Amino acid sequence: MTDEVKKYFNALLHKVNGLYVIQVTDRDGVPLLRVSQDKNLDFALMPSFIPTFATASEQAGKLGLGRNKVIISMYSNYQVVQMNKLPLILTFVGGEHCNTGHILALEHQLDAHLEDFKLAVNEG
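Residues numbered from 1 in each chain as written. Predicted model: local features only at pLDDT ≥ 70, side-chain atom pairs only at ≥ 80, totals over all residues. Heavy atoms only, no water.

**Student:** What is the right way to look at unusual backbone geometry in this model?
**Tutor:** Most peptide bonds take the trans configuration, and most residues that are not glycine carry a negative phi. Backbone torsion omega between Leu86 and Pro87 reads 15°, so that peptide bond is classified as cis. Of note, Pro87 is situated in the loop between strand S4 (78–85) and strand S5 (88–95). (Helix = DSSP H or I, 4+ residues; strand = E, 2+ residues; numbered from the N terminus.)

**Student:** What am I meant to see in the side chain of Gln82 here?
**Tutor:** By the element assignment, Gln82 lies in strand S4. Here the side chain of Gln82 touches Thr91 through a polar contact of 3.5 Å, side chain to side chain. (Polar contact = N/O pair within 3.5 Å; in protein donor to acceptor, adjacent residues only side chain to side chain.)

**Student:** Could you clarify how one ought to interpret the pattern of salt bridges in this entry?
**Tutor:** Once the charged atoms of two side chains with opposite charge are near each other, the side chains can pair. Here the structure, examined in full by the defined rule, presents two salt bridges. Glu107 is the partner of Lys85 in a salt bridge, and the nearest nitrogen-oxygen pair spans 3.4 Å. With Lys85 in strand S4 and Glu107 in helix H4 (residues 107–123), the pair connects residues that are 22 residues apart, well separated along the chain. Exposure class is identical for Lys85 and Glu107. Each is buried. In this structure, Lys85 and Asp111 form a salt bridge, with 2.7 Å as the shortest nitrogen-oxygen distance. Linking Lys85 in strand S4 with Asp111 in helix H4, this pair joins segments that are 26 residues apart in sequence. (Salt bridge = Lys/Arg side-chain N within 4 Å of Asp/Glu carboxyl O. Buried < 20%, exposed > 50% of the residue type's maximum accessible area, 1.4 Å probe, protein only.)

Here you go:
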């Protein structure tokens, strides 16, 4: 991972008001990149939380509505937005008042910056 990619994700983190964490993992939850503010938000990034998204996404795909792309989970103080960019999973953790639409709007901007990660996961 280059410093340039990390700087890009750090800039995105500060671009969305109330966004605390952006994490890129493989489908099994192995972290490839994490940028965060000073909040302690490890609950959403626990080893069991990320792979659960992959399972839930697969199950949602069985509803006959097509492939699931995003799951949004709202909690009392936080929201977690997870994007399916197989073989990668992007996890965004924001405060309760963070604009979910702004997070979702980042999806297509991120694609070009994820190619190196996808190649690394596919080769590994």
